[in-house]
Amino acid sequence: FDFRMTGTGSLGVNSNKSIDESWIDVLVGIAADVPFAEKWNWNIKADAGFGGSEGTYLASTGVTWRFYGNWSSTLFGSYKAVDYENDSQGDADWYHYDVDETTLGLTILYNW
């Protein structure tokens, strides 16, 4: 984000504000791909991370079906949460990023 305000005349307003925040988390996770029929797999994944953020989490699960030759399709659901805060509210460089995202999706894939 970058903010600039310039004015002329008797006020002589000149202000610059720049926010350049980033963080690094270390993620630890587990994933499994479990076949339960000839052309069916159950996929599950979970990650948790800490470091620069208050916490980063991801959980997803899905069912994959290889329906024709090299073609497959996956019905999946996932949940992602990230919470990061820089300094305290009211400080000039305060920044807060907090997201909770839930996804339900369907993919179709051609496997080379």
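Each remark here, short or long, concerns the structure printed above.
Figured I'd write up the structure that's included with this text. Because the structure is a prediction, the values reported are computed rather than measured.

Now for the pairing of strand E6 (residues 71-86). Sheet topology places strand E5 (residues 55-68) next to E6; 12 bridges connect them, and they run antiparallel. If you follow Gly 55 over to E6, its bridge partner there is Asp 83. Connecting the antiparallel pair E5 and E6 is a turn made up of 2 residues, with Gly 69 showing a positive phi of about 50°. The pairing of E6 with strand E7 (residues 95-110) spans 16 bridges and is classified as antiparallel. Bridging from a neighbouring strand, Phe 76 pairs with Gly 105 of E7.

With that settled, consider a negative patch on the surface. A contiguous patch of negative charge on the surface is contributed by Glu 54, Glu 85, Asp 87, Asp 91 and Asp 93. Owing to a relative accessible area of 38%, Asp 93 belongs among the partly exposed residues under this scheme.

Turning our eyes to something else, we now look at the side chain of Ser 73. Mapped onto the fold, Ser 73 is located in strand E6. The buried category is assigned to Ser 73, whose relative accessible area is 13%. Within polar-contact distance, the side chain of Ser 73 engages the backbone oxygen of Thr 107 at 2.9 Å. Beyond its immediate sequence surroundings of up to four residues, Ser 73 is in contact with Val 63, Thr 64, Trp 65, Phe 67, Leu 106, Thr 107 and Ile 108.

Thresholds applied
- Residues numbered from 1 in each chain as written.
- Predicted model: local features only at pLDDT ≥ 70, side-chain atom pairs only at ≥ 80, totals over all residues.
- Heavy atoms only, no water.
- Pairing = 2+ DSSP bridges.
- Helix = DSSP H or I, 4+ residues; strand = E, 2+ residues; numbered from the N terminus.
- Patch = residues over 30% accessible without salt bridge, like charges linked within 9 Å, V, L, I, M, F, W, Y side chains within 5 Å.
- Areas by Shrake-Rupley, 256 points an atom, 1.4 Å probe, with all protein chains shown as cover.
- Salt bridge = Lys/Arg side-chain N within 4 Å of Asp/Glu carboxyl O.
- Lys, Arg positive; Asp, Glu negative; His and termini not counted.
- Charge placed at Lys NZ, Arg CZ, Asp CG, Glu CD.
- Buried < 20%, exposed > 50% of the residue type's maximum accessible area, 1.4 Å probe, protein only.
- Polar contact = N/O pair within 3.5 Å; in protein donor to acceptor, adjacent residues only side chain to side chain.
- Contact = heavy atoms within 4.5 Å.

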